[in-house]
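The chain contents come next:
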Amino acid sequence: MKNLADSSYLAHTPHRRFNPLMREWVLVSPHRTQRPWQGKIADTTPAAALQYDPSCYLCPGNERARSLVGGAVARNPAYTSTFVFDNDYAALLPAAPQIAVDEAGLLVARAESGICRVVCFSPRHDLTIPRMSLLELCIVVDVWAEQFASLGSLDWVKHIQIFENRGALMGASNPHPHCQIWANASLPNIPEREVAAQAEYRAEKHSCLLCDYLALEQKRNERVVCQNDSFAALVPYWAVWPFEVLLVSKRHFSAIDEMSSGERDHLADILRRVTTHYDNLFLTSFPYSMGFHQRPTDGNAHPECHFHAHYFPPLLRSATVQKFMVGYEMLAGPQRDITPETAAEQLRAAGEIHYLDAAAGPSPVPQNSKQEPSA
Ligand code: H2U
Ligand code: ZN
């Protein structure tokens, strides 16, 4: 049998890779990358042009859209930094009526309560994470930490999902920089699987799955895109999306409320750097869905949980050619063409000076910007 850890061999032959967090396989078909493409050309995601858009329901001072849950239409305050509000179209409501349906184990339903919020990262309509200053991003990280702590302190809230959809291709409803937070009373499917996998790994090996994985990745140094003192961003060995990134904390902790102030600054730094690599790859405002995976807020310590974030971007080989999760993926399992090693190499080569700054020539260090921590 070939040494399957040898990625030069894996670069030319179809194979399966195992995702130990989800405990599922991904099919890798690197020999397919040259196939012709006459399919859909996706719309690019241009950067928003206006600093303030009078028709944007997230811009400061503007009216929001009409609420589904009734009541007057809200107006945003003239906010000057990060701004959080309860989602007017919340997918979950705090006091869901009690429901328990079970007919023969086939028609099964349960009540689900929750709180949904929207976080505007900046009053500026035209910014995105790679275009914000480190200081502005540190404030966003602080707000996430506050939200995690306050929502998590509610005794019925068992899980908090912070996530960002960026770009129309990923379903973002508005280019204004924002994310969502959904807190709910039960553990959703994907965190449930990841927590179970981490718990089983810990029980069996008396160590942490992501600590061990990160140590391996740092030793091999094939898939790391960028890192600072507290975080590493890498294309995971088992990536499904072409340019998927896993952001892993270097220290073992289970959630954002355990981070030191230095780690919060480093999180802001790495978020900006990862998204700059992304924008630079195809010289576009790179679409993605990203989110953090943290310990469930069920009152248990969850020492098995290791703080991390996933970036799932849809683009495949240019700003206009995307990967579709259809056919085999819908009916059988995930599949990718370019290897994670090639994807990491391309992302690294895309560099850390944002292409819009590079085009503008050398610029002075922006005010409000902190020094980047050493890599
Ligand atoms: P997305 O771009 O990821 O869809 O997030 C925007 C959220 O903003 C979305 O969940 C909410 C939508 O329900 N929203 C409001 O709460 N109020 C509004 O006036 C419009 C949009
Ligand atoms: Zn706006």
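All values derive from a computational prediction rather than experimental measurement. (Residues numbered from 1 in each chain as written. Chains lettered and ligands numbered in written order. Predicted model: local features only at pLDDT ≥ 70, side-chain atom pairs only at ≥ 80, totals over all residues. Heavy atoms only, no water.)

### A look at the coordination of the zinc ion (ligand 2)
Put simply, a metal with four donors set out as a tetrahedron has ideal angles of 109.5 degrees, and one with six donors set out as an octahedron has ideal angles of 90 or 180 degrees. Looking at the zinc ion (ligand 2), one finds its protein donor set to be Cys-56 (SG), Cys-59 (SG), His-125 (ND1) and His-176 (ND1), positioned 2.0 to 2.3 Å from the metal centre. Coordination at the zinc ion (ligand 2) is tetrahedral: its four donor atoms span angles of 101 to 115° at the metal. (Donors = N, O, S within 2.8 Å, 3.2 Å for Na, K, Ca; no water. Tetrahedral: all angles 85-135°; square planar, octahedral: opposite > 155°, others 65-115°.)

### Observations regarding the pattern of salt bridges
Going through the model one piece at a time under the given rule, you end up with 20 salt bridges. With a closest N to O distance of 2.6 Å, Arg-64 and Asp-88 form a salt bridge. In this pair, Arg-64 is assigned in the loop between strand E2 (24-28) and strand E3 (83-86) and Asp-88 in the loop between E3 and strand E4 (100-103), connecting sequence segments 24 residues apart. On the basis of relative accessible area, Arg-64 is assigned to the buried category, the value being 10%. Asp-88 sits in the buried class, given a relative accessible area of 13%. Residue Arg-117 is joined to Asp-86 by a salt bridge in which the shortest nitrogen-to-oxygen separation is 2.9 Å. Of this pair, Arg-117 sits in strand E6 (residues 114-120) while Asp-86 is found in strand E3, placing the two residues 31 residues apart along the sequence. (Salt bridge = Lys/Arg side-chain N within 4 Å of Asp/Glu carboxyl O. Helix = DSSP H or I, 4+ residues; strand = E, 2+ residues; numbered from the N terminus. Buried < 20%, exposed > 50% of the residue type's maximum accessible area, 1.4 Å probe, protein only.)

### Section: empty space enclosed by the protein
Taken as a whole, this structure holds one cavity of 30 Å³ or more when the rule is applied. For the largest cavity, the calculated volume is near 60 Å³. In terms of lining residues, the largest cavity is bounded by Pro-191, Glu-194, Val-195, Gln-198, His-293, Gln-294, Arg-295, Cys-305, His-306 and His-308. (1 Å grid on protein atoms, 1.4 Å probe; cavity = no way out; pocket = protein on both sides within 12 Å on 5 of 7 lines; lining within 4 Å. Points joined across faces, edges and corners; volume = space filled by probe spheres on them.)

### Considering the site of ligand 1
The local shell around ligand 1 holds 14 residues, among which Ala-65, Asn-87, Asp-88, Ser-173 and His-178 are the closest. A distance of 3.1 Å is found between an oxygen atom of ligand 1 and a side-chain nitrogen or oxygen belonging to Asn-165. A distance of 2.7 Å is found between an oxygen atom of ligand 1 and a side-chain nitrogen or oxygen belonging to His-178. Looking at the shell around ligand 1 residue by residue, the class counts come to six nonpolar, six polar and two charged. (Near = heavy atom within 4 Å. Polar contact = N/O pair within 3.5 Å; in protein donor to acceptor, adjacent residues only side chain to side chain. Nonpolar A, V, L, I, M, F, W, Y, C, P; charged D, E, K, R; others polar.)

### Overview of the packing of aromatic side chains
Within the structure shown, the criterion is met by 16 aromatic pairs. Look at Phe-231 and Phe-307: their rings are 6.2 Å apart centre to centre, the planes differ by 65°, and that puts the pair in the edge-to-face class. Taken together, the positions of Phe-231 in strand E10 (residues 231-234) and Phe-307 in the loop between strand E12 (288-293) and strand E13 (308-312) put the pair 76 residues apart, joining distant regions of the chain. For Phe-231, a relative accessible area of 1% corresponds to the buried category. What makes Phe-307 buried here is its relative accessible area of 1%. Taken together, a centroid distance of 5.2 Å and an interplanar angle of 75° make the contact between Tyr-288 and Tyr-311 edge-to-face. Here the residue Tyr-288 occupies a position in strand E12, and Tyr-311 occupies one in strand E13, the gap between them amounting to 23 residues. (Phe/Tyr/Trp six-rings, centres within 6.5 Å; stacked < 30°, edge-to-face > 60°.)

### Focus on the confidence of the model for the protein
For the protein, the average pLDDT comes to 91, and 89% of its residues sit at 70 or higher. Within the model, the stretch residues 363-375 combines pLDDT values under 50 with 20 contacts to residues more than four positions away or in other chains. (pLDDT = per-residue confidence, 0-100. Contact = heavy atoms within 4.5 Å.)

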